Amino acid sequence: MFPLSSDEKKVVMHCEARGNPPPTYRWFINGTEMDSEADYRYSLIDGNLVIMNASETVDHGKYQCRAGNSFGTVLSRDALLQFAYVGAFSPKARGGVSVREGQGVVLMCTPPPHSPEIIYSWVFNEFPSFVAEDSRRFISQDTGNLYISKVQPSDVGSYICLFTMSNAAVFHFSLGVMGEYEPKIEVHFSPSVLAPKGVTVRLECFALGNPVPTITWRKINGNIPKKARLRKSQAVLEIPNIQLEDSGIYECKAENPRGGTAFKGHLQMDSGEKLQWECKAMGRPRPTYRWLRNGLPLTSQGRLELHNGEMTIHKVQPMDSGMYQCVAENKYGSIYSNAELKILASAPIFVPNPVRVIATLGKDVLLECKPRASPKPRITWKRGDRRIQLNKRIILLRNNTLKIVNSSRADEGNYVCRAENQLGSAEMTAMLSFVLPEAMRVALSPSRVEVTVGESVVLSCRATHDTSLDVAFQWFFNQKPINFHHDVKMDKKETRGKGFRNVMRKTVILLKHAGKYGCRAQTSADTVFAEAELLVRGPPGPPGVVIVEEITETTATLSWTRGLDNHSPISTYNLQARSPFSLGWQTVKTDPETVTGDMESAMAVELNPWVEYEFRVVASNAIGTGDPSAPSRGVRTKEAVPSVAPVNVSGGNGRRHELVISWEPVSEEFQNGEGFGYIVAFRANGTRGWKEKMVTSADSTMYKYRDETFPPLTPFEVKVGVYNNKGDGPFSKVVIIHSAEGEPRELPIDVRAYSISSSEIRVTWKPPNPGPGKPRRYEVSFWKDSEQEESGSKQQTVRNETSMILTGLEGNSAYLVTVKGFNSIGHGPPSAAVTAKTRKAPPTQSPNNLMWIQEGNNVSLSWDPVKAKANESDVIGYMVIIHPILILSFTLRHICLNCVNTFFIYSTPPRYKLSVELLL
């Protein structure tokens, strides 16, 4: 599918085949081989076809990839290069569908032309009520049709077939009544199914009927393989890793009280005298079929017959091996189905050969004949040069085993089994000899063992037998062979004169290891079996289903059934509960306080009202505590008056004339019912009578009350209670909360401002006189006296400091400064403006003609005086910075010996010379 909106006009078609030797690839468009060298737009990369500058008029069509090597050739399915589209359903209204109750019905979707593939769904009556697939209803993703096996009155309504949000077909469904009828198989597998070795085979079978039929499967003249799985309400039989022994005739049977019907099909593998493959496709118009082998067309001739989608090969030969493809097509397109035919042909082979058989005189003898061959060989038995004549004592079983009943000395000797097919023949010799019927005995000790979980056990199997014969031991658990490679350790050793002894040792015993253990000792002449019982004591098993018998506001009466005590009496039960508010399962208090092992009912107490709980029960005995029971169904305790009051009641702040009250909300676990809310009660300190306000939201954490009559910081007694539909609950403890203090009312006092440099002014003040609205911080406003206050700047203190340095000011300029306090409520009044003028800038000229004279350890410095300009500050002193230096070979090297020792010497006019003592 090539989108018209694609900016990159490049199409890549992938083709990958697996083979040895690696295959080579060729591409075809509309049946004509493509030449990548003749057209620059085509290129082949590892079998993939790349088309540059794809054009709808030139490149539209069917593409196929052909891959081949020395063993054969396969042709890919068609790849139709086209542009994506989705048509619209026919605007013609669909007629109503009438059907009898109990009858099956098919609603046809008949989708419009579309590409690529889509997923179908059906809507019942209105969107988004989608039809759910179950045992009665099925949506085909091939056709989009909706199948209802047995119509019920609830199915009446309108049905919409959807495959995009804008494409739909609508049906109206009406209902009559139809009685019961026998099943009718609508979907079944092919009458002949040929599968390669090792693949997974799916056999489908589905029937309509009223009542809904049940599907059963069986294999004629054999058992369904144990590895087989039933899926989709037994409508699909799936056989993984198919082998030769899985071949045979399989039957699917559909039955209901009105009758039954069946369908049989033959599952085949390997080669045989006749091969039948059926190819079946659905389409309108009805599709036609053609067959390919190794990419080349096949026609009916000689051993090959093709008829209406069925291919038959008579007398299959190795030359028939290869890749087969069935092509089903009509005017709307074609589809391919691929399969490999592998002829597993070999002459009979016997391994081992010959075979020595030692039997007990007087007992039955079985001589097996199991050659490896394909096709299946024909078997004959002979003794010496004569073919064995079968009778009541010498019997040939269906698996070609020769059975000799009530053997005698005359039966000793060599027996020959001959296997033959069209590829060759082979013989196997069975050498039969007898031993006297000496009794073989086996003893398994101890015969009964009791252990505790976690301990280990040792079972000893001792066999007494004819020492001339080899003995083999096999262990069983509950009559099933034990896999000793899993978790059981086994030792085997011989004790001279007493036959063989085989020991099974199992460490870390678990409850699952309890049961009957059997030991089978076997020689070529006899087989004996002994059994011992292992009892494992452990914690109790989980109790049975937990039922909530009665529920109240705070209690739940539970009942359960006893579980296994695992050979140690149950002493106590523990009741556990889980709710949306608990951290997993929690043990609950009970009535009676101790639930003894002979009880099967108890009451869980001290539960919270109006909380949904699940319950489970755990049993204990002297060994330990067992696994819990399955949870009970969820139940909700009944509603009750709230019993938990809010905590952490506090408040304060807010705006002037506001009383702000806050609390920690009560968890839903303790709300005890619907309609939960809060009752906020308050009164001015020293007054009588409470004001109560209802807060209806269970999640609320605050209430604000406003009254213009009470002054700031008025103390109130406050308590917060709870209520729900059942009534009022308790109140919290009474706390004292003050109303909001309001914004500051007084202005700062003793405001002063003075310059400390050409760009800085220090401002100081004192807090206002005590009163309502205490300032939490201060704001300083400043502006040049030549400007308006609105154009000035503002700075705020970090806390409630009473001084501030204004920076970044212009030198030699007068500024007006005011200070006002503020808090979370608002700003107070500003102080009267004070004036401060910044200093002039320092001199920009540096001292010139610096001279120094050294006299011993003294240095004399001199320089020219600096005269300040009109816009500069007067010179009030000089600063001399002396650095230690080191003199080497009459050359000054400015090496800082200890920069930390830098010091300052100040000189004032008119003194221009300074002596400095240098300590080197």
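Residues numbered from 1 in each chain as written. Predicted model: local features only at pLDDT ≥ 70, side-chain atom pairs only at ≥ 80, totals over all residues. Heavy atoms only, no water.

Caption draft 1: Molecular detail of the state of the cysteines. Evaluated as defined, the whole model comprises six disulfides. Through a disulfide, Cys-205 is tied to Cys-252; the S-S separation comes to 1.7 Å. Highlighted residues: Cys-205 in strand E20 (residues 201-210) and Cys-252 in strand E24 (residues 248-256), separated in sequence by 47 residues. Taken individually, Cys-205 and Cys-252 each receive the classification buried, so the pair is uniform in this respect. (Disulfide = S-S within 2.5 Å. Helix = DSSP H or I, 4+ residues; strand = E, 2+ residues; numbered from the N terminus. Buried < 20%, exposed > 50% of the residue type's maximum accessible area, 1.4 Å probe, protein only.)

Caption draft 2: Here's a closer look at the pairing of strand E50 (residues 515-522). Here strand E46 (residues 472-477) runs beside E50; their pairing, made up of six bridges, is antiparallel. Following the sheet pairing, Trp-475 is matched in E50 by Cys-519. When E50 meets strand E51 (residues 527-537), the two strands line up antiparallel, connected through eight bridges. Across the sheet, Cys-519 pairs through a bridge with Ala-530, a residue of E51. What sits between the antiparallel neighbours E50 and E51 is a turn of four residues. (Pairing = 2+ DSSP bridges.)

Caption draft 3: Fine view of the nonpolar core. Counting residues in each nonpolar core, the largest one holds 23 residues, and the members touching the most others are Leu-444, Leu-459, Trp-475, Ala-521 and Leu-534. Counting only elements with at least two residues in this core, the list comes to strand E43 (441-445), strand E44 (448-452), strand E45 (457-464), E46, E50 and E51. With five residues, the single largest contributor to this core is E51. Apart from the residues within four sequence positions on either side, Ala-521 is in contact with Met-440, Val-442, Ala-463, Val-471, Ala-472, Phe-473, Asp-526, Thr-527 and Val-528. (Core = buried A, V, L, I, M, F, W, Y, C linked by side-chain atoms within 4.5 Å. Contact = heavy atoms within 4.5 Å.)

Caption draft 4: The arrangement of the sheet that holds strand E18 (residues 181-188) in detail. Pairing is antiparallel across the open sheet formed by four strands, whose spatial order is E18-E20-E23-E22. Since the sheet does not close on itself, it has two edges, and those belong to E18 and strand E22 (229-231), each with one partner. Along the sheet, successive strands turn relative to each other by an average axial angle of 25°, direction set aside. Relative to E20, E18 runs antiparallel, the two sharing five bridges. (Axes fitted to C-alpha atoms, helices over the stretch in contact; angles between N-to-C directions.)

Caption draft 5: The arrangement of the pairing of strand E32 (residues 333-341) in detail. Of the pairings in the sheet, the one linking strand E31 (residues 322-330) to E32 comprises nine bridges and is antiparallel in character. Bridge pairing in E32 links Ala-328 to Ile-335. Linking two consecutive strands that pair antiparallel, namely E31 and E32, is a turn of two residues.

Caption draft 6: Representation of the environment of Gly-673 within the structure. Inspection of the secondary structure puts Gly-673 in the loop between strand E62 (658-664) and strand E63 (677-684). Taking C-alpha positions, Gly-673 is 9.2 Å from Tyr-723, a pair spaced 50 residues apart along the chain. Those residues in contact with Gly-673 that sit more than four places away from it in its chain are Trp-610, Glu-639 and Asn-724.

Caption draft 7: Here's a closer look at the sheet that holds strand E25 (residues 259-268). Read across the open sheet, the four strands follow the order E19-E25-E24-E21; overall the sheet is mixed. Unpaired on one side and paired on the other, strand E19 (192-194) and strand E21 (214-219) mark the two borders of the sheet. Pairs of neighbouring strands in the sheet enclose a mean axial angle of 25°, with direction left out of account.

Purely spatial values, then, with no claim about function.
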